[in-house]
Amino acid sequence: RSTRFYDFKIQTKTVNKLCNSNQIVTVNNMFPGPVVYAQQGDRLIVKVANESPHNATIHWHGVRQILSCWFDGPSYITQCPIQPGQTFTYEFTLVNQKGTFFWHAHVSWLRATVYGALVVYPKPAVPYPFKYPYEEHIVILGEYWLQDTVQLERQVLASGGGPPPSNAYTINGHPGPNYNCSANDVYKIDVVPGKTYLLRLINAGLNMENFFAIANHKLTIVEADAEYTKPFTTDRVMLGPGQTMNVLVTADQPIGKYSMAMGPYMSAQNVPFQNISAIAYFQYVGAMPNSLSLPARLPSFNDNLAVKTVMDGLRGLDTSAVPKEIDTNLFLTIGLNVNKCRSKNPQQNCQGQNNGTMAASMNNVSFIKPTVSVLEAYYKGIEGFFTDNFPGAPLRFYDFVSGAPNNAPIDTNSMNGTRVKVLEYGTRVHLVLQDTGTVTTENHPIHLHGYSFYVVGYGTGNYNPQTANLNLVDPPHMNTIGVPVGGWAAIRFVADNPGVWFMHCHFDVHQSWGLATVFIVKNGKGHLETLPHPPADMPRC
Ligand code: C2O
């Protein structure tokens, strides 16, 4: 095992995009930020110096942080933000994990530009379950704003309404020729005819799920969320923010220039969104450089069937550890709400629709981040920052079992709280995420920190344990699941990683509105099941 050192300087940079010059926050003046390469079992040491005017943290999305919860990164959950001028060193081991991950800022909406890939290779002696291709490329899908996104979050929360759509979708930071002034702001992969390529797809977008396709070429999915899958060949894929996917593509078409396209997936068009696609090129060596590219065919923005086809195709490769027995059943509703206010005071009850302020909740609780980290409060036994009474079932009565699909909930209010769910070490959890489908109708990409979970079922309408037909044979092992609009997903994991773990919608706007909760997983009995002390340079709030 070796140790790898990286230096991250969070800095403001001036970029010219979309006919504008504006300032964005980056790492090391790169956008997207530097790629972190490592090997399974390595220790990573990343010194982060915050030279930007905003508070910052870095989260290592998908890394389980076994016994290293202090370095997970979500602000006010496992750490206080790194304030301007401060530094903090992240230090953790990539225990038994390999594949495509990414890192991103985890405070306010800073991650709009503060993100990059984290690629973990298997140990040299460990073979891939597929023929390793000729070459690999990282393809990061993103959303770009012409506005400072930290200010944008403040404005959106103050307005009480929803966010404006991004100004562009991007592929590795480039919008491509569909956008103004962007004909040359295009990402391109040069390919050799006949060769096969591994694309490491990452959706780092803020608030949109996205389709991705390459004109005339098939994609074979071999990995999702840094876990191998059975190979599945398709014309297009869909990734929610927080999801990663490895696909193989063979350059088996006539020599030419082909579009790689990223476009929106939005179940219903009732919130504004960017309906232009970002374009990159998949260009054969020998193609005329100025030739027109063949257009990629993306599904229409509301093509739920295309999404279901991809989800159905995701089957785990190594599923020997799927929990068959369950200790705890949890049922969580997830959805948006219209509240009277969105006060930062968890004591203040903001129910009622008077002002029509947007909120979001799990089990009708809108999560409010505390003013010190939940982890610190828990670890040091400081009271008053959270309560351990997060409800394991909805607070209000929804008849999800016998109700007709998409029954509207009785009301759409939520109450504020910093309420967490405590799990004993080793608890085998079956968790149903039920989308209420109220207010707006879009998927919620729910992400759990500290774990990967088996997606044992999903469907439309209301979860019904009698008819759910769970897959305990080859479910995919994911860390982010797009819960179908007006539908449900059932996931399973064993709570064997002590710490404080955020679970939230990976749409930043929904997270800001409170679509989140926290699991506290207690220590086990042995030394190797006990969370160590915090590091000395832990930022203070
Ligand atoms: Cu990718 Cu809580 O984050």
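Keep in mind the model is a prediction, meaning the values are calculated, not measured.

Calculation notes
- Residues numbered from 1 in each chain as written.
- Predicted model: local features only at pLDDT ≥ 70, side-chain atom pairs only at ≥ 80, totals over all residues.
- Helix = DSSP H or I, 4+ residues; strand = E, 2+ residues; numbered from the N terminus.
- Rg over C-alpha atoms; globule rule 2.2 N^0.38 Å.
- Buried ≥ 20, exposed ≤ 12 C-beta atoms within 10 Å, placed from the backbone.
- Contact = placed C-beta atoms within 7 Å.
- Pairing = 2+ DSSP bridges.
- Axes fitted to C-alpha atoms, helices over the stretch in contact; angles between N-to-C directions.
- Domains from an automatic or database assignment.
- Nonpolar A, V, L, I, M, F, W, Y, C, P; charged D, E, K, R; others polar.
- Arc of directions from axis to C-beta.
- Core = buried A, V, L, I, M, F, W, Y, C linked by C-beta atoms within 7 Å.
- pLDDT = per-residue confidence, 0-100.

**Topic: the overall build of the protein**
Assigned secondary structure in the protein consists of four helices and 32 strands. Relative to a compact globule of 541 residues, whose C-alpha radius of gyration would be 24 Å, the protein shows 22 Å and is just as compact. A principal-axis box enclosing the C-alpha atoms of the protein has dimensions of 65 × 55 × 50 Å. Going through the 541 residues of the protein one by one, you find that 52% of them count as buried. Residue pairs at least 24 apart in sequence account for 79% of intrachain contacts in the protein once pairs closer than 6 positions are excluded.

**Focus on the sheet that holds strand β18 (residues 257-265)**
Strand order in this open sheet of five strands is β11-β19-β18-β13-β16, and the pairing throughout is mixed. In this open sheet, the two edge strands, each paired with only one partner strand, are β11 (188-191) and β16 (236-239). Going from strand to strand, the sheet's axes swing by 20° on average, the running direction of each strand aside.

**Side note on the pairing of strand β30 (residues 487-495)**
Judged by how many residues are buried, β30 sits mostly within the fold: eight of nine residues are covered. In terms of strand pairing, strand β25 (residues 427-435) meets β30 through eight bridges, oriented antiparallel. Its bridge partner lying in β30, threonine 427 is registered against alanine 495. Across six bridges, the pairing between strand β27 (residues 453-460) and β30 is antiparallel. Following the sheet pairing, tyrosine 454 is matched in β30 by arginine 492.

**Some remarks on the domain arrangement of the protein**
The domains assigned to the protein are domain 1 (1-126), domain 2 (130-315) and domain 3 (328-529). The centre of domain 1, based on its C-alpha atoms, is set 22 Å off from the matching centre of domain 2. Contact residues are listed per partner, giving 25 residues for domain 1 and 31 residues for domain 2. Every element with two or more residues in the side of domain 1 that touches domain 2 is listed here: β2 (20-27), β7 (99-105) and β8 (115-121). For the side of domain 1 that touches domain 2, the element with the highest residue contribution is β7, accounting for five residues. Residue composition of the side of domain 1 that touches domain 2, by class: 13 nonpolar, ten polar and two charged.

**Description of the sheet that holds strand β14 (residues 219-224)**
Paired through their backbone hydrogen bonds, the strands of a sheet run either parallel or antiparallel. Ordered by their spatial adjacency, six strands build an open sheet running β10-β9-β12-β17-β14-β15, and the pairing between neighbours is mixed. Looking along the sheet, the strands with just one partner apiece sit at the ends: β10 (168-171) and β15 (227-234). Taken pair by pair, the neighbouring strands of this sheet meet at an average axis angle of 25°, ignoring direction. Alignment of strand β9 (residues 135-144) against strand β12 (residues 196-203), held across seven bridges, turns out to be parallel. Residue pairing across strands places glutamate 136 opposite leucine 198, the latter belonging to β12.

**Digging into helix α1 (residues 149-159)**
Burial in α1 covers these residues: Thr149, Leu152, Glu153 and Val156. Summarising the axial view, the buried residues of α1 lie within an arc of 100°, below the 170-degree limit, and thus occupy one face.

**Digging into the environment of valine 114**
Looking at where valine 114 falls in the secondary structure, it is placed in the loop between β7 and β8. The class of valine 114 is buried, set by 28 C-beta atoms lying within 10 Å. Those residues within four positions of valine 114 in sequence are excluded, and the remaining contacts are Ile10, Val25, Thr26, Val27, Gly33, His104 and Ala105.

**Comments concerning the environment of alanine 38**
For alanine 38, the location among the structural elements is in strand β3 (residues 36-39). Taking the C-alpha atoms as reference points, alanine 38 and glutamine 243, 205 residues apart in sequence, are found 19 Å from one another. In this structure alanine 38 touches Arg4, Leu44, Leu94 and Val120, once residues within four positions along its chain are discounted.

**Some details on helix α2 (residues 304-313)**
Looking at α2, one finds that the buried residues are Ala306, Val307 and Val310. End-on, the buried residues of α2 take up no more than an arc of 100°, which puts them together on one face. Facing away from the buried surface of α2 by more than 90 degrees, the exposed residues are Leu305 and Asp312. Here the buried face of α2 lies against β15, β16 and β18.

**Focus: the nonpolar core**
Taken as a class, soluble globular proteins show a tendency for nonpolar side chains to be buried jointly. Residues Val237, Val247 and Ile491 are the most contacted members of the largest nonpolar core, which totals 145 residues. Residue contributions to this core peak at six residues, all from β30. Ignoring anything within four residues of it in the chain, the contact list for valine 247 reads Leu199, Leu201, Leu219, Thr220, Ile221, Val222 and Val237.

**Looking at the environment of glycine 486**
As for its position among the elements, glycine 486 is in the loop between β29 (480-483) and β30. Given 23 C-beta atoms within a 10 Å radius, glycine 486 is considered buried. Residues glycine 486 and glycine 392, spaced 94 residues apart in sequence, show a C-alpha to C-alpha distance of 20 Å.

**What to know about unusual backbone geometry**
That bond from phenylalanine 31 to proline 32 is cis: its omega, -10°, falls within 30 degrees of zero. Secondary-structure assignment places proline 32 in the loop between β2 and β3. Its identity is not glycine, yet leucine 18 carries a phi of approximately 55°, on the positive side. Of the residues examined, leucine 18 has 19 C-beta atoms within 10 Å and is grouped as partly exposed.

**Comments concerning the confidence of the model for the protein**
Here the protein averages 92 in pLDDT, and 93% of its residues register 70 or above. Confidence over residues 397-411 falls short of pLDDT 50; this stretch has 24 contacts with residues more than four positions distant or in other chains. Across the assembled chains, the prediction reports ipTM 0.99 with pTM 0.96.

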